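Notes for the structure review
Spelled out, the chains give:
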Amino acid sequence: MSLILIHSPSPAHADMLEAPDDDPGHAPWICLRHRLRAQGDDIATTWRRPGDLDKAAWILFMNIPATLASPVMALITHAVAPLRGRRTETVWRRVRKLSTPPRLGLFLWEPEVVMPENYHEKLHLQFDCVFTWKSDLAARGGLYHPIVWPQPSGLPEPANPAFAERRLLANFSGNKHSPHRLELYSARVEVIRHMEARHPDAFDHYGFGWSADYPSWRGPAASKFDLYPRNRFGLCYENMQSVRGYVTEKIFDCLQAGTVPVYWGAPDITDHVPAEAFVDRRAFTSTAEMIEHLLNMREEQWTALRDAGQRYLRSPGFQRFLPAAFARMVIDGLAATPFPKCQPGTDSKPLS
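Described in the following lines is the structure provided in the data block. Being a predicted model, the structure only gives us computed values, none of them experimental. (Residues numbered from 1 in each chain as written. Predicted model: local features only at pLDDT ≥ 70, side-chain atom pairs only at ≥ 80, totals over all residues. Heavy atoms only, no water.)

1. So, the pairing of strand S9 (residues 231–237)
What counts is decided by this rule: Buried residues are those whose accessible area, probed at 1.4 Å on protein chains only, stays under 20% of the maximum for their type, while exposed residues exceed 50% and partly exposed ones sit between those limits. Helix numbering and strand numbering both begin at the N terminus, where a helix is a DSSP run of H or I of at least 4 residues and a strand a DSSP run of E of at least 2. Between any two strands, at least two bridges found by DSSP are needed for them to pair. When the strands point away from the viewer, a crossover counts as right-handed if the path from the first strand over the helix to the second runs clockwise.
Burial of S9 is extensive: 7 of the 7 residues sit out of reach of the surface. Examined bridge by bridge, strand S7 (residues 167–172) and S9 share 4 bridges and lie parallel to one another. Of the residues in S9, the one forming a bridge with Ala170 is Gly234. Note on the crossover from S9 through helix H8 (residues 249–256) to strand S10 (residues 260–264): the handedness is right-handed.

2. A short note on the sheet that holds strand S3 (residues 58–62)
Worth spelling out the cut-off: Angles here are taken between N-to-C directions and fall from 0 to 180 degrees, while the axes themselves are lines fitted to C-alpha atoms, restricted in helices to the stretch in contact. Any two residues whose heavy atoms approach within 4.5 Å are treated as being in contact.
With parallel pairing, 6 strands are arranged side by side in an open sheet as S2-S1-S3-S4-S5-S6. Two strands close off the open sheet at either side, each with one partner strand: strand S2 (42–45) and strand S6 (144–146). Here the strands of the sheet are splayed against their neighbours by 25 degrees on average, with no regard to which way each runs. Where strand S5 (residues 129–132) and S6 come together, 3 bridges link them in parallel fashion. Paired with Phe131 across the two strands is His145, which belongs to S6. Lying over the sheet, helix H1 (residues 27–38) contacts strand S1 (3–7), S2, S3 and strand S4 (103–108), oriented at roughly 145 degrees with respect to S2. This element, helix H12 (residues 323–335), spans S1, S3, S4, S5 and S6 of the sheet and lies at about 155 degrees to S5.

3. Quick look at the pattern of salt bridges
Here is the rule: For this analysis, a salt bridge means a side-chain nitrogen from Lys or Arg found within 4 Å of a carboxyl oxygen belonging to Asp or Glu.
Within this structure, the stated rule accounts for 18 salt bridges. Among the salt bridges present, the one from Asp204 reaches Arg167, with a minimum N-O distance of 2.9 Å. Highlighted residues: Asp204 in strand S8 (residues 203–206) and Arg167 in strand S7, separated in sequence by 37 residues. Taking the shortest distance from any N to any O, the salt bridge between Arg282 and Asp280 comes out at 2.8 Å. Assessed through its relative accessible area of 40%, Arg282 is described here as partly exposed. In this structure, a network of salt bridges that share partners links the residues Arg37, Asp42, Arg49, Asp52, Asp54 and Lys55.

Here's what the structure looks like:
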């Protein structure tokens, strides 16, 4: 039996692999747990098995460990580097000092606008296997293996208020900033300010880090799934634009709640979600033009978009974002990774 350990920088994710089977938010990891255990392997987080680093066949890191990035970069890109980096650094250094080191894997979850160190390719060479949603990297093969941003399963049927009963637009996002030229944080703020100035009664705004300076802000949201159906549209701007394959939970949260997404982010979004299921922000020259389009949309047009989204969620196209497909991608990627010729302990068999 092989042991796989997953290391997340935050103890908040310590129990992500121990969640009950009916927890939809952790469904991708629950599915991976079941698939591995069914083939005789085990999986846990380093937070729950800190003494088993030397017993692991694989240790998989969530994003580049802070200790691999330059001190200046870690300071700029990690608001909580002293808290978040210490644990990652300890685990990384302990692993590197083992006489028979495990094989090392990396998930590149965060985009460059959040963690630029994730895309320093020399750092990738410290790992045996790199999982990425970034299409251009995944297409290279070899070290790189494709994944998607996995989505929950088992959600109940969403509420479906009448068109006339819904407010126009909802936004769920944290108050974040970046100097990166492709960031979309400022584009979200532009929409928020536009709605506050011109259509305050048609807008709901939730998330962390905002203040009373934003009169539309309604505080953190307990559940997008419960709140989205109160609105016709959801603002689904990724953190970054123009990166192929960067399709996160934002558009899927909106679709699964029965609300029509207004999307901006991955240039290849229609390779993943059909164009008839969302409003494409790129079709408009300004925020004002886009909002005017939403305000003038007739009920039959909106219903057609919503219905297309619901059909998509039942289609094979969406299946590749669900837990079973994610588990298969991870297991296949680990199994396909050859053992380094010089690494001690290579007499063990890879995952099947």
